[in-house]
Amino acid sequence: MRKSGWMLAPLAAAVLLSGCQSTACADLAEAYAEVGRKSQPCVEQAPLPAFEAGRCEQNLQECDGDDLERLQAQVECYERLGTCQPEQQAPFFQALTACDSGGNALGNACEAAIF
């Protein structure tokens, strides 16, 4: 059974930032794939930018503790999205956009490094 999310204690954040293998990138890759599946009834192509878990892992040290918490919040937000229904396309994409904005927005250096 998949964990519903991952908690980032200060020690865990230090481990992630030190370059050790993490679940942050794997969780984000899985969430992106799921959003792609959830959006298929409304669009042919996934609405999120391409994501490579390997690039994320390699560059995750560019993300600070706040960024890691925001990544967790994004994953949890993506997980809460339902499947897009063609007649509800606009609300689906508004909810998806909300997952990446406001308090969930990554810092520029982190976003550029992992995407």
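Residues numbered from 1 in each chain as written. Predicted model: local features only at pLDDT ≥ 70, side-chain atom pairs only at ≥ 80, totals over all residues. Heavy atoms only, no water.

## Some words on the nonpolar core
Soluble, globular proteins show a tendency: their nonpolar side chains are buried together. To keep it simple, the criterion reads: What makes a nonpolar core is a set of buried Ala, Val, Leu, Ile, Met, Phe, Trp, Tyr and Cys residues whose side-chain atoms join them at distances within 4.5 Å. The rule is simple: take the accessible area with a 1.4 Å probe, protein chains only, and divide by the maximum for that residue type; under 20% is buried, over 50% is exposed, in between is partly exposed. Per the convention used, a helix needs a DSSP run of H or I reaching at least four residues, while a strand needs a run of E reaching at least two, with both numbered from the N terminus. Should any heavy atoms of two residues lie within 4.5 Å, those residues are considered in contact.
Leu28, Leu60, Leu71, Tyr78 and Ile114 are the most contacted members of the largest nonpolar core, which totals 26 residues. Looking at this core element by element, the count peaks at six residues for helix H2 (residues 24-39). The residues touching tyrosine 78, leaving out its near neighbours within four places in the chain, are Leu28, Ala31, Tyr32, Val35, Lys38, Leu48, Leu96, Cys99 and Asp100.

## A short note on the state of the cysteines
Our working definition: Counting rule for disulfides: a pair of cysteine sulfur atoms within 2.5 Å.
Evaluated as defined, the whole model comprises four disulfides. Across a sulfur-sulfur distance of 1.9 Å, cysteine 42 and cysteine 84 are joined as a disulfide pair. Judged by the torsion about the S-S bond (-95°), the cysteine 42/cysteine 84 disulfide is left-handed. Placement of the pair is cysteine 42 in the loop between H2 and helix H3 (53-59) and cysteine 84 in the loop between helix H4 (65-80) and helix H5 (89-99), with a sequence separation of 42 residues. Summarising the burial analysis for this pair, cysteine 42 and cysteine 84 share the class buried. Between the sulfur of cysteine 63 and that of cysteine 110 lies a disulfide, 1.9 Å long from S to S. Negative torsions about the S-S bond denote left-handed disulfides, and the value of about 80° found for cysteine 63 with cysteine 110 makes this one right-handed. Taken together, the residues span a long stretch of sequence, with cysteine 63 in the loop between H3 and H4 and cysteine 110 in helix H6 (residues 108-114) at a distance of 47 residues. Judged by its relative accessible area of 1%, cysteine 63 is buried. In the protein, the cysteines engaged in disulfides, taken in order along the sequence, are linked 1-3, 2-6, 4-8, 5-7.

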